[in-house]
Amino acid sequence: MDVVDETGTEAAPLLRVRDLSVRVGEVTPVRGVDLDLPPGGRMAVVGESGSGKSLTALAIMGLLKPPLTVEGSIVLDGVELLDLSPRQLAAMRGGSLAMVYQDPMSSLNPVYSIGRQIVECIRLHEDVSRAVARRRAIDLLHEVGIADPERRVDSYPHELSGGMRQRVMIAMALSAEPKLLIADEPTTALDVTTQARIVDLMRRISEDRGTAVVFITHDLAIAARFCDQVAVMYGGRVVEFGEAEPTYDDPRHPYTRALLGSMCRLDGDVNELLPTIPGSPPLPAELPTGCSFRPRCPRAEEVCAEVFPPTVITDPGPRPHGAECHFAQEGMR
Amino acid sequence: MLRFALRRLAGGALLLVIVSMVIFVLLRVLPGDPVLMRLGASTSAGTEEAVNQLRQELGLDAPLPIQYLDWMRGVLTGDLGVSYVSQFPVSTLIGQRIPATLQLAAAAIVLALVIAVPVALLGARWPGTIYDRLTSGGVTVAMAIPQFWLGLLLVSVFAVQLDWLPARGYVAFTEQPVEHLRLLLLPAVTLGVTLAAPIARFLRSSLADVSGNLYMRTAEGKGLMWGQAIVRHGLPNALMTTLTFVGLLAGQLLGGVVLVEYVFGWPGLGSLTVDAIAGRDYGILQGVILLLSAGFLVINLLIDLAYGLLNPRIRVGAS
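Just so it is clear, the structure is predicted and the values come from calculations on it, not from any experiment.

A. Region of interest: the overall build of chain B. When you go through chain B residue by residue, the secondary structure sums to 13 helices and 0 strands. Along the longest, intermediate and shortest principal axes, the C-alpha atoms of chain B span 85 × 55 × 35 Å. Among the 319 residues that make up chain B, the fraction classed as buried is 42%. Counting only contacts in chain B whose residues sit at least 6 apart along the sequence, the fraction spanning at least 24 positions is 72%. Of the roughly 16,200 Å² of accessible surface on chain B, a fraction of 71% belongs to carbon and sulfur atoms.

B. Expanded view of the pairing of strand S11 (residues 311–315) of chain A. Residue and element names in this part refer to chain A. Alignment of S11 against strand S12 (residues 321–324), held across 4 bridges, turns out to be antiparallel. Residue pairing across strands places Thr311 opposite Glu324, the latter belonging to S12. Between S11 and S12, which pair antiparallel and follow one another directly, the connecting turn spans 5 residues, one of which, Gly317, has a positive phi of 35 degrees.

C. Highlighting the packing of aromatic side chains. The tally for this structure, following the rule as stated, stands at 10 aromatic pairs over all chains. Aromatic side chains Phe24 of chain B and Tyr68 of chain B sit 5.3 Å apart centroid to centroid with 80 degrees between the ring planes, which places their arrangement in the edge-to-face category. Of this pair, Phe24 of chain B sits in helix H1 (residues 2–29) while Tyr68 of chain B sits in helix H4 (residues 64–76), placing them 44 residues apart in sequence. Note on Phe24 of chain B: relative accessible area 3%, which makes it buried. When the centroid spacing of 5.9 Å and the interplanar angle of 20 degrees are considered together, the rings of Phe24 of chain B and Trp71 of chain B count as stacked. Of the two residues, Phe24 of chain B sits in helix H1 while Trp71 of chain B sits in helix H4, which places them 47 residues apart along the sequence. One exposure class covers both Phe24 of chain B and Trp71 of chain B, and it is buried. Here the guanidinium or amino end of Arg42 of chain A rests over the ring plane of Phe226 of chain A, the centre of that ring lying 5.8 Å away.

D. Fine view of the interface of chain A and chain B. Chain A puts 27 residues into the contact, and the matching count from chain B is 20 residues. Note on chain A versus chain B: buried area summed over both sides is about 2,200 Å², and carbon and sulfur give 58% of it. Along the contact surface separating chain A from chain B lie 3 salt bridges. Put simply, Lys222 of chain B and Glu120 of chain A hold a salt bridge, and the shortest N to O gap is 2.8 Å. For the side of chain A that touches chain B, the secondary structure elements donating two or more residues are helix H1 (53–61), helix H2 (86–92), helix H3 (114–125) and helix H6 (162–174) of chain A. The leading source of residues in the side of chain A that touches chain B is H3 of chain A, at 5 residues. Here the residues of the side of chain A that touches chain B are counted per class, giving 15 nonpolar, 7 polar and 5 charged.

E. Summary view of a nonpolar patch on the surface. Together, Leu14, Leu15, Ile18, Val22 and Leu26 of chain B give the surface a local cluster of nonpolar side chains, amounting to about 460 Å² of exposed area. Tracing the chain through its elements places Val22 of chain B in helix H1.

F. Focus on the side chain of Ser155 of chain A. Residues and elements named next belong to chain A. Relative to the elements of secondary structure, Ser155 occurs in the loop between helix H5 (149–152) and H6. The class for Ser155 is buried, based on a relative accessible area of 6%. Beyond its immediate stretch of four places on either side in the chain, Ser155 contacts Ser113, Ile114 and Leu160.

G. Highlighting the layout of surface pockets. Space inside the largest pocket adds up to approximately 770 Å³. Taken together, 27 residues form the lining of the largest pocket, with Gly62, Leu64, Lys65 and Pro66 of chain A together with Glu220 of chain B sitting closest to its centre. Those elements giving two or more residues to the lining of the largest pocket turn out to be H1, strand S4 (68–76) and H2 of chain A together with helix H5 (90–125) and helix H8 (177–211) of chain B. Tallied by class, the residues present in the lining of the largest pocket amount to 18 nonpolar, 4 polar and 5 charged.

Scoring rules and cut-offs
- Residues numbered from 1 in each chain as written.
- Chains lettered and ligands numbered in written order.
- Predicted model: local features only at pLDDT ≥ 70, side-chain atom pairs only at ≥ 80, totals over all residues.
- Heavy atoms only, no water.
- Helix = DSSP H or I, 4+ residues; strand = E, 2+ residues; numbered from the N terminus.
- Buried < 20%, exposed > 50% of the residue type's maximum accessible area, 1.4 Å probe, protein only.
- Contact = heavy atoms within 4.5 Å.
- Areas by Shrake-Rupley, 256 points an atom, 1.4 Å probe, with all protein chains shown as cover.
- Pairing = 2+ DSSP bridges.
- Phe/Tyr/Trp six-rings, centres within 6.5 Å; stacked < 30°, edge-to-face > 60°.
- Lys NZ or Arg CZ within 6 Å of the ring centre and 35° of its normal.
- Buried area = accessible area lost by both parts, 1.4 Å probe.
- Salt bridge = Lys/Arg side-chain N within 4 Å of Asp/Glu carboxyl O.
- Nonpolar A, V, L, I, M, F, W, Y, C, P; charged D, E, K, R; others polar.
- Patch = residues over 30% accessible without salt bridge, like charges linked within 9 Å, V, L, I, M, F, W, Y side chains within 5 Å.
- 1 Å grid on protein atoms, 1.4 Å probe; cavity = no way out; pocket = protein on both sides within 12 Å on 5 of 7 lines; lining within 4 Å.
- Points joined across faces, edges and corners; volume = space filled by probe spheres on them.

Rendered as structure tokens:
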């Protein structure tokens, strides 16, 4: 399912993940994930903790180490990442492929100034002088909204707030002008107002620079604010995918419906308890037979326990919408 | 920072006073009498009169607290007394020996770091591999080896059997620089290897701690190979904790110097001390031990100050 743009010509996807699995011993926390992202696209990968979304991100970055092993195919801009040597992969990381992490408080090295850490990243990917790199680091800090960047460039991480550190991490990720930026729950550790600002910043950067973004989150509201495509992960699989609006308006997987149902709505009745999803997500070591969502699913029938659900494309469109459910054609009832 | 340093200095001074009392009492509790030792060396049998006269001359007939106060009064004015045996001022004797000891200790520390840092880094670069296990096994063996034994072993191999290096002795660097370095090599290696082992172990384990930090993932994420990330981002953080540990090892180093100098005939404080013990030369022993204790305290104070300068979190908090 290559992406076809409006003119009908086939646009090569920037990122094309096929049958990506992550194994550790007998356990497979990521089981055959497919993702497609066009250049400049913004995709939210949504799921509960333990759904395999962070592992998927780290696998794309090539940051997983033994005993974790990665199988399948990850093609970025026509290059199969899993075939690269460690050295070639290191050259991609921070270059055309960059990441912003979950925990800005401990993701910066405490003994170096932030400027030095950004300069290091710039100079790893481009042969420029220290002075030029420093100038560019200041510009990047300005771009990500850090006030007084000329002074702040010499600050140490502990002198900055969590939100500012995350901005520094974003500046660092942007320093080699990546084509793909992976953001792994970049706002989880931040307070709510800061969360919104960071999301808006990333959206602006994506639009200004044409950077494609994979935004990993458990927060559907943030995903909606930011992304044009959604992939919902459950039990190590993508169980529903599609463009953001159709997926939100007409979810085809019971899990997506449940997630949307448990969202807090401003127009809702404040006295009403929010619906929750009963049970807890499956452990990768103890997956049920058939559909992994079955034990918690309101729609489950006998077939769900016996047969692994097929991927049903409900709307082929230029960007297909589909779900991995026996009853995906039913739609919202 | 200044207040911190002053407080540490005051604490150190108090500790030195206590140390001086302990040395003073311990030496006098030890069996052996300096007066008899000295008379025994010159005449076959000292008469009681001669013994009493010498005791009075040396001030050893006064009550212990008076003797202690006399000594302390001298120490505070820079007078450490005279050697009972040679009659030279103790400060002169010590002053002559300090350079050789400092040189040996410095050579040993440098050598220890030159060995320990690469060993620890390579282990952290390939954790859990054969290499890692071999080096950590080697480190354990090196930690178990007594210094004097290693010294004798090196002499037996490199001096006696292979005849590559001189077994023991000393010439001034200014007279014969090459021979001086050749003589320095074996004692420095003896001390360096036994110091390198605990440093390598400590650094290896702090590198392991540091390796799990998220900023190490960031370092890889920006395009560094794991080996580069360990050196650039792991090592500075790991060295900071190791530095404090090296300060604590200074005590072991000073103790080792005494033995190793004696084995190799290196004319430093160590061999001075061993001779003084043999002659129950209280003046020299008190002076040397007090000086070594002060040295240990100063080294650790300097390391704490350096730690504050190296660690940006402490640096800013204190200024």
